[in-house]
Amino acid sequence: MLIRTVADIKPSQITPEHVYRSRRRFMRETLALAGAGVALPATALPAAWLAERAVRPAAPLYETMTSESDATSYNNFYEFGTDKGDPAAHAHEMTIDPWTVEVSGEVAKPGKIGLEDMLAGIDLEERIYRLRCVEAWSMVIPWIGFPVKKVLDKFEPTGNAKYVMFETLHRPSEMRGQRSLFSSIDWPYVEGLRLDEANHPLAIFAVGMYGKLLPKQNGAPIRLVVPWKYGFKSIKSIVSIRLTEARPVNTWNDLQPREYGFYANVNPSVDHPRWSQARERRFPTTLFRPNWIPTRMFNGYDEVAGLYAGMDLSRYY
Amino acid sequence: MPGSGLGPDPADELVRTLGTWGLRILLLTLAVSPASRVLRQPRLVRFRRMVGLWAFTYIVLHFIAYLAVLAGFELATIAADVVKRPYITVGFSALLMLIPLAVTSTRGWQRRLGRRWRMLHRLVYPAAVAAWTHLMWLSKGGFMDPFVYGAILILLFGERVAARFRRARRSPSR
């Protein structure tokens, strides 16, 4: 399958020019600031850049950035509870320092590796992406991260590697949702991508958002962001990356196979059995303006269509 | 919406809150008769109509909120929802079952219907089961709420069965 080169990818379909220009300056400044590109300062990123970015572009409401407070207080992270406010309330109980990621399976160089070592030499960039939840709401979030491929390449996937399986931290002592008797989830949370999907330049690992380190409720210290798929594919707080030949079984697919598939590409013409996927509510919403907008195929990221050429996407939902 | 206390997704939160309280008050309505028996306070039953009408009010507001702020009064969307989405179908059917009960809750209707009034008002049982099913079917992954409300519902039904059983045993000996 043809993998598109970086040159084919527009800076971002929704980032206005003055913003992505400033983003480039941000990258330069951050990198200068952060040396190896990992030691992202916890609080202060370049103030000038932040001030500039805080000026919201004159885009239609539905394509403006979602506020940081919405994106950090309205989360699905069932490890901390099933209410949208639970992650923000309880994620502080998770310790993320030190953090190691185990890379295993079909790779030439498997092993457990500290996050800092894993990210050494990798440049950070800001990506402003739409995030479309399978529950029919969506946000626009400025992530800070880097392509998944850059990490995978370090471990040299073998010729047998066809899929990538990711796992979230499983630590019931710090994740109260994992202790809940009423959860039907078989922990740890598992997600997966086809290797060519993971290698697509739009698929990133994020370590920050809104110019800061990733908050715990958003999946600190490292999470996946796959903007053309429903949000549940973008697994949080990753501790394991496994290259496999067989397709991994992802958590929601395992739980309710009729409702959640492996691919989970955003697709307005394939309804969830319990609700329509034709529209979405874009944050910010207000009581009298639910801000419904039409959902777009691949969440508007048409450049990934080539990954699915010839596939019946109503069958492989 | 800042200051509303409804959080980042006020429309969904409003619909959810009204629905949750509708179900809670409906369970409270079903608890009145058992409570009057267990506590031997027959006068409690006087409050049953009022509590039931509050439950109905919350459930109607829940439905109106869904129509207004979530569905935006788009009739095509609403019709498709009611037909295609089982959890909405079952929730809507609970509402439909409660309408005749609210209408006939007055003393006048009680008198006019006589024995049939009691029969009619047994509709509250399937309505409660439908309301619970509505919650169960829209839950995703976490099942604490459906479990707790389901347990309460079983308890309230169980007490009724037990009470009926006691009456049946007592009456032949009289």
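The rules behind these values
- Residues numbered from 1 in each chain as written.
- Chains lettered and ligands numbered in written order.
- Predicted model: local features only at pLDDT ≥ 70, side-chain atom pairs only at ≥ 80, totals over all residues.
- Heavy atoms only, no water.
- Phe/Tyr/Trp six-rings, centres within 6.5 Å; stacked < 30°, edge-to-face > 60°.
- Helix = DSSP H or I, 4+ residues; strand = E, 2+ residues; numbered from the N terminus.
- Lys NZ or Arg CZ within 6 Å of the ring centre and 35° of its normal.
- Axes fitted to C-alpha atoms, helices over the stretch in contact; angles between N-to-C directions.
- Parallel < 35°, antiparallel > 145°, perpendicular 65-115°, else oblique.
- Left-handed = near helix turned anticlockwise from the far one by under 90°.
- Contact = heavy atoms within 4.5 Å.
- Buried < 20%, exposed > 50% of the residue type's maximum accessible area, 1.4 Å probe, protein only.
- Pairing = 2+ DSSP bridges.
- Patch = residues over 30% accessible without salt bridge, like charges linked within 9 Å, V, L, I, M, F, W, Y side chains within 5 Å.
- Areas by Shrake-Rupley, 256 points an atom, 1.4 Å probe, with all protein chains shown as cover.
- Salt bridge = Lys/Arg side-chain N within 4 Å of Asp/Glu carboxyl O.
- Buried area = accessible area lost by both parts, 1.4 Å probe.
- Polar contact = N/O pair within 3.5 Å; in protein donor to acceptor, adjacent residues only side chain to side chain.
- Nonpolar A, V, L, I, M, F, W, Y, C, P; charged D, E, K, R; others polar.
- Expected span 1.5 Å × (residues − 1).

Q: Lay out the packing of aromatic side chains in plain terms, naming residues and giving numbers.
A: Considering all chains together, one arrives at 19 aromatic pairs over all chains under this definition. Between A:Phe166 and A:Phe205 the ring centres are 6.0 Å apart and the planes differ by 80 degrees, which places this aromatic pair in the edge-to-face class. Separated by 39 residues along the polypeptide, A:Phe166 in strand 5 (residues 163-168) and A:Phe205 in strand 7 (residues 204-209) bring together distant segments of the chain. Taking NZ or CZ as reference, A:Arg130 lies 4.7 Å from the ring centre of A:Tyr301, over its face. One Lys or Arg, B:Arg46, reaches over the ring of B:Phe47 and ends 5.7 Å from the middle of that ring.

Q: I'd love a proper account of the packing of helix 4 (residues 86-103) of chain B against helix 7 (residues 124-138) of chain B, names of residues and values included.
A: All names here are of chain B. At a minimum axis separation of 8 Å, helix 4 and helix 7 run at an interaxial angle of 155 degrees. Put simply, helix 4 runs roughly antiparallel to helix 7. Pair helix 4 / helix 7 crosses with left-handed handedness. Note on element contacts: helix 7 touches helix 4 through Val124, Pro126, Ala127, Ala130, Ala131, Thr133, His134, Trp137 and Leu138, opposite Pro86, Tyr87, Ile88, Val90, Gly91, Ser93, Ala94, Met97, Leu98 and Leu101.

Q: Which residues make up the pairing of strand 4 (residues 137-147) of chain A, and what values do they have?
A: Residues and elements named next belong to chain A. Extensive coverage of strand 4 is indicated by the burial of 11 of its 11 residues. Relative to strand 4, strand 3 (residues 125-132) runs antiparallel, the two being bridged by 8 bridges. Bridging from a neighbouring strand, Ile128 pairs with Pro142 of strand 4. Hairpin connection of strand 3 to strand 4: 4 residues between the antiparallel strands, including Ala136 at a positive phi of 75 degrees. Summarising the sheet, strand 4 and strand 11 (residues 279-282) pair through 2 bridges and their orientation is parallel. By the bridge assignment, Ser138 is partnered in strand 11 with Arg282. Relative to strand 7, strand 4 runs antiparallel, the two being bridged by 5 bridges. Across the sheet, the residue bridging to Ile144 is Gly208, located in strand 7.

Q: Describe in detail the sheet that holds strand 2 (residues 111-114) of chain A, supporting the description with residues and values.
A: All names here are of chain A. Taken together, 5 strands build an open sheet; the order of strands is 2-1-10-5-6 and the sheet is mixed. Here the strands that pair on one side only, and so sit at the sheet edges, are strand 2 and strand 6 (190-194). Taken over all neighbouring pairs, the strand axes of this sheet differ in orientation by 20 degrees on average, direction set aside. Relative to strand 6, strand 5 is paired through 5 bridges, and the arrangement is antiparallel. What sits directly across from Phe166, in strand 6, is Glu191.

Q: Any chance you could break down a nonpolar patch on the surface for me, citing the residues and the numbers?
A: Residues and elements named next belong to chain B. On the surface, Leu96, Ile99, Val103 and Trp109 cluster together to form a nonpolar patch covering roughly 330 Å² of accessible area. Here the element with the most residues in the nonpolar patch is helix 4; it accounts for 3 residues. With respect to the helices and strands, the residue Leu96 is situated in helix 4.

Q: Break down the interface of chain B and chain A for me, citing the residues and quoting the values.
A: The interface of chain B with chain A comprises 25 residues on the first partner and 27 residues on the second. For the pairing of chain B and chain A, the buried interface totals around 2200 Å² over both sides, and the portion due to carbon and sulfur atoms is 55%. Three residues, B:Pro8, B:Arg85 and B:Lys140, lead the burial of chain B against chain A; their summed loss comes to 32% of the area buried on that side. Inspection of the region where chain B meets chain A yields 3 salt bridges. The closest approach of N and O atoms between A:Arg281 and B:Asp9, which form a salt bridge, is 2.4 Å. At the boundary of chain B and chain A, one finds 9 residue pairs in polar contact (both at pLDDT 80 or more). Counting residues per element, the ones that place at least two in the side of chain B that touches chain A are helix 1 (10-38), helix 2 (48-70), helix 3 (75-84), helix 4, helix 7 and helix 8 (144-173) of chain B. With 4 residues, helix 1 of chain B is the single largest residue contributor to the side of chain B that touches chain A. Broken down by class, the residue content of the side of chain B that touches chain A amounts to 15 nonpolar, 4 polar and 6 charged.

Q: Tell me what's going on with the pattern of salt bridges, and back it up with residues and numbers.
A: Residues and elements named next belong to chain A. Taken as a whole and judged by the stated rule, the model has 20 salt bridges over all chains. Notably, a salt bridge pairs Lys229 with Glu197, separated by 2.8 Å at the nearest N-O pair. Residue Lys229 is located in the loop between strand 9 (223-225) and strand 10 (238-244), and its partner Glu197 is located in helix 8 (residues 195-198); the two are separated by 32 residues in the primary sequence. The class of Lys229 is buried, set by a relative accessible area of 1%. Classification of Glu197 by relative accessible area gives buried; the value is 0%. Members of the salt-bridge network, linked through shared partners, are Arg132, Glu280 and Arg282.

Q: Describe the packing of helix 1 of chain B against helix 7 of chain B, with residues and values.
A: All names here are of chain B. Running from amino to carboxyl end, helix 1 crosses helix 7 at an angle of 145 degrees, the nearest separation of the two axes being 11 Å. As for how helix 1 packs across helix 7, the hand of that crossing is left-handed. Contact with helix 1, carried on its side by Arg16, Leu23, Leu26 and Leu30, involves Val124, Tyr125, Ala128, Ala131, Trp132, Leu135 and Leu138 of helix 7 and no other residues of that element. By residue class, the composition of the contact of helix 1 with helix 7 is 10 nonpolar, no polar and 1 charged.

Q: Can you break down the pairing of strand 2 of chain A residue by residue, with the values?
A: All names here are of chain A. The pairing of strand 1 (residues 100-105) with strand 2 spans 4 bridges and is classified as antiparallel. When the sheet's bridge partners are listed, Thr100 is paired in strand 2 with Gly114. Taking the residues between adjacent antiparallel strands as the criterion, strand 1 and strand 2 are bridged by 5 residues.

Q: A description of helix 4 of chain B should follow, citing residues and the corresponding values.
A: All names here are of chain B. With 18 residues, helix 4 extends 26 Å between its outermost C-alpha atoms, agreeing within 8% with the 26 Å of an ideal straight helix rising 1.5 Å per residue. Taken together, the buried positions of helix 4 are occupied by Tyr87, Ile88, Val90, Gly91, Ala94, Leu95, Met97, Leu98, Leu101 and Ala102. Against helix 1, helix 2, helix 3, helix 6 (115-121) and helix 7 lie the buried residues of helix 4.

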